[in-house]
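A closer look at the structure
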Amino acid sequence: PARASVLHANAIDEDAISDFCQGTNAFWKSLIIPVVRDYADVKPKGTADVDDFFSVVTAAPETPGIPRPVWLTIAASVPTGLIW
């Protein structure tokens, strides 16, 4: 009986934590401009047009993700670093 109550308490804690995390994410998501939020929202696989360097670098996130080699990530990050 004691073990069952501990497991039940853990389940309640996990539900509360999950609800808190989902609520927090929803709150912060609501503060983002809809155009940006829609662009950066995770899309299903195959929705990005990844024919060239620029389209791969600027593609919205997908699930599963678009494979990007390390050299591509570095090449896309260098101009950003120079701007900063």
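Residues numbered from 1 in each chain as written. Predicted model: local features only at pLDDT ≥ 70, side-chain atom pairs only at ≥ 80, totals over all residues. Heavy atoms only, no water.

**A few points about the packing of aromatic side chains**
Counted by the stated rule, this structure contains 1 aromatic pair. Each ring, one from F27 and one from W28, has its centre 5.0 Å from the other, and the planes form 70°; the classification is edge-to-face. Take F27: its relative accessible area is 44%, and that puts it in the partly exposed class. (Phe/Tyr/Trp six-rings, centres within 6.5 Å; stacked < 30°, edge-to-face > 60°. Buried < 20%, exposed > 50% of the residue type's maximum accessible area, 1.4 Å probe, protein only.)

**Remarks on the pattern of salt bridges**
Tallied over the full model, the rule gives 1 salt bridge. Note that D41 is salt-bridged to K29, the shortest N-O span being 3.9 Å. Highlighted residues: D41 in the loop between α2 (34-40) and β1 (43-44) and K29 in helix α1 (residues 2-30), separated in sequence by 12 residues. For K29, a relative accessible area of 40% gives the class partly exposed. (Salt bridge = Lys/Arg side-chain N within 4 Å of Asp/Glu carboxyl O. Helix = DSSP H or I, 4+ residues; strand = E, 2+ residues; numbered from the N terminus.)

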